[in-house]
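Understanding the architecture of this molecule
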Amino acid sequence: MNKKSIMWQYILEEPKVLTRVMESEKIRQYAVKIGKKLDSIYFVAHGSSYNAAVAVSDFMMKYSGIRAYVYTPANFMYNT
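The structure displayed is predicted, hence computed values, not measured ones.

What follows covers the side chain of Glu14. By the secondary structure assignment, Glu14 is in helix H1 (residues 6-22). Of the side chains bearing the opposite charge, Arg20 lies closest to the buried Glu14, which forms no salt bridge; the N-O distance is 12 Å. When sequence neighbours within four positions are dropped, the list of residues in contact with Glu14 reads Ser48, Asn51 and Ala52.

When the terminal C-alpha atoms of H1 are compared, their 24 Å separation across 17 residues agrees well with the 24 Å that a helix rising 1.5 Å per residue should span. Where H1 bends most, at Glu14, the angle is about 40°, and the proline Pro15 comes one to four residues later. Between the side-chain oxygen of the N-cap and the backbone nitrogen of Met7 there are 3.1 Å, and the N-cap of H1 in question is Ser5.

Glancing now at the nonpolar core. Ile41, Phe43, Val56 and Met60 are the most contacted members of the largest nonpolar core, which has 13 residues in total. When contributions to this core are tallied by element, the ones reaching two or more residues are helix H2 (25-35), strand E1 (40-44), helix H3 (48-64) and strand E2 (67-71). The element contributing the most residues to this core is H3, with 5 residues. The contact partners of Ile41, leaving out residues within four places of it in the chain, are Met60, Ile66, Arg67, Ala68 and Tyr69.

Rules used in this analysis
Residues numbered from 1 in each chain as written. Predicted model: local features only at pLDDT ≥ 70, side-chain atom pairs only at ≥ 80, totals over all residues. Heavy atoms only, no water. Helix = DSSP H or I, 4+ residues; strand = E, 2+ residues; numbered from the N terminus. Buried < 20%, exposed > 50% of the residue type's maximum accessible area, 1.4 Å probe, protein only. Lys, Arg positive; Asp, Glu negative; His and termini not counted. Salt bridge = Lys/Arg side-chain N within 4 Å of Asp/Glu carboxyl O. Contact = heavy atoms within 4.5 Å. Expected span 1.5 Å × (residues − 1). Bend = angle between axes of the 7 residues up to and from the residue. Polar contact = N/O pair within 3.5 Å; in protein donor to acceptor, adjacent residues only side chain to side chain. Core = buried A, V, L, I, M, F, W, Y, C linked by side-chain atoms within 4.5 Å.

All we've got here are geometric facts, nothing functional implied.
Now the structure itself:
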């Protein structure tokens with residue numbers, strides 16, 4: 001049996017899902033709302049989640065007006 005990992009399906013869906021989320025007016029409103037309460041936001045992720053965090057960090061900075069940082073777990077633990 002040569003079953004293909006579902007991970008490939010998730011990877012292929014990621015650009016479409018991220019685009020839909022970032023075009024959502026509710027998400028934009030939420031970003032503006034949290035921008036009034038926070039100075040910065042840290043995303044800690046790896047693999048395809050890291051790639052998603054990199055894409056979302058620019059969106060967050062644009063709409064929330066706060067600094068956004070993206071780290072791998074090890075980088076976050078040892079360098080922040």
